[in-house]
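# Observations on the three-dimensional arrangement
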Amino acid sequence: HGGLTGVASRVLGMRLDGRLRPSLGSVGKRCTLAQLARAAEQAYASWAVADHYLRHFGPLPAAFILTRAELYWMGRAFKAVPKPRHDWRPARQEALAAQRRRQGARWERHMQERRA
């Protein structure tokens, strides 16, 4: 197994059911106790794996750390949640500001090339 299932098995000796995949079809619906238990198990495994690697290898370089804006652009799943508990508006504003900066920099390079 790869992904979280494989890493949890190799690093923690923890057995996760790799056949079970979350789906967007259940967004907004009540979860069963089994689904909640699986989600809690996966959340714990994610934390435990991160804790293991941080203790053994130290903090990550800044280039590996995702910002709220990057998460916003990548997060199709949480944007589909009808009534999210987290307010993503600040992350959206950061993402749009970063996009405008990148576009502005590209435009400046383009204009400099045209003048040359």
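Before any of the text, the structure's been laid out above.
So, here's what we can say about the structure. Per chain, residue numbering runs from 1 following the sequence as it is written. Where local features are concerned, this predicted model is filtered to residues with pLDDT of at least 70; where side-chain atom pairs are given and counted, the filter is 80 or more; whole-chain, interface and lining totals use all residues. Only heavy atoms go into the side-chain values, all of them from the structure, while hydrogens and water stay out.

This brings us to a positive patch on the surface. Patches in this entry comprise residues that are over 30% relatively accessible and not in a salt bridge; like charges within 9 Å are linked, as are nonpolar side chains (Val, Leu, Ile, Met, Phe, Trp, Tyr) within 5 Å. Note on areas: Shrake-Rupley, 1.4 Å probe, and residue coverage restricted to the protein chains presented here. Should a side-chain nitrogen of Lys or Arg be within 4 Å of a carboxyl oxygen of Asp or Glu, the pair is scored as a salt bridge. Counted charges follow a simple rule, with Lys and Arg positive, Asp and Glu negative, and His plus the chain ends left uncounted. Lys charges are placed at NZ, Arg charges at CZ, Asp charges at CG and Glu charges at CD. Together, Arg100, Arg101, Arg102, Arg106 and Arg109 give the surface a local cluster of positive charge. For arginine 106, the position within the fold is in helix 5 (residues 89-115). Relative accessibility decides the category of a residue: with a 1.4 Å probe and only protein chains considered, values under 20% of the type maximum give buried, values over 50% give exposed, and everything between is partly exposed. According to the relative accessible area criterion, arginine 106 is partly exposed, its value standing at 46%. Helix numbering and strand numbering both begin at the N terminus, where a helix is a DSSP run of H or I of at least 4 residues and a strand a DSSP run of E of at least 2.

This part is about the packing of helix 1 (residues 3-12) against helix 2 (residues 33-57). Comment: axis = line fitted to C-alpha atoms, over the contacting stretch for helices; angle = value between 0 and 180 degrees taken between N-to-C directions. Running from N to C, helix 1 and helix 2 cross one another at 55°; their axes reach a closest spacing of 10 Å. Between helix 1 and helix 2, the angle is such that the two are oblique. Pair helix 1 / helix 2 crosses with left-handed handedness. Contacts between helix 1 and helix 2 involve Leu4, Val7, Ala8, Val11 and Leu12 on the former and, on the latter, Gln42, Ala45, Ser46, Ala48, Val49, His52 and Tyr53. Angle categories are assigned with fixed cut-offs, so that under 35 degrees is roughly parallel, over 145 is roughly antiparallel, 65 to 115 is roughly perpendicular, and the rest are oblique. The hand of a helix crossing depends on one turn: near helix anticlockwise from the far one by less than a right angle means left-handed, and clockwise means right-handed. Note on definitions: a residue-residue contact is assigned when non-hydrogen atoms from the two residues lie within 4.5 Å.

This part takes up the packing of aromatic side chains. A pair of aromatic rings is counted whenever rings of Phe, Tyr or Trp (Trp by its six-membered ring) have centres within 6.5 Å, and the orientation is called stacked for planes under 30 degrees apart, edge-to-face for over 60 and tilted otherwise. Per the stated rule, a full pass over the model turns up two aromatic pairs. Look at tyrosine 44 and tryptophan 47: their rings are 5.8 Å apart centre to centre, the planes differ by 40°, and that puts the pair in the tilted class. On the criterion of helical spacing, the pair formed by tyrosine 44 and tryptophan 47 is a turn pair, its members being three residues apart in helix 2. The exposure class of tyrosine 44 is partly exposed, given its relative accessible area of 46%. Residue classification places tryptophan 47 among the exposed positions, given a relative accessible area of 51%. When the centroid spacing of 5.7 Å and the interplanar angle of 20° are considered together, the rings of tyrosine 53 and phenylalanine 57 count as stacked. Within this pair, tyrosine 53 and its partner phenylalanine 57 are both found in helix 2, separated by four residues, close to a single helical turn. Residue class for phenylalanine 57 comes out exposed when judged on its relative accessible area of 63%.

A few words now on helix 5. A helix is expected to reach a length of 1.5 Å times the quantity of its residues less one. Over its 27 residues, helix 5 runs 39 Å from end to end, which matches the ideal 39 Å to within 8%, given 1.5 Å per residue. All of the buried residues in helix 5 are Ala91, Ala95 and Ala98.

It is worth spelling out helix 2 at this point. Helix length check: helix 2, at 25 residues, gives a terminal C-alpha distance of 36 Å against a target of 36 Å (1.5 Å per residue), a fit within 8%. All of the buried residues along helix 2 are Ala45, Ala48, Val49 and His52. Structurally, helix 2 contributes buried residues whose contacts are with helix 1. Phi turns positive, to about 80°, at glycine 58, one or two residues after helix 2.

Just distances and angles here, no functional claims.
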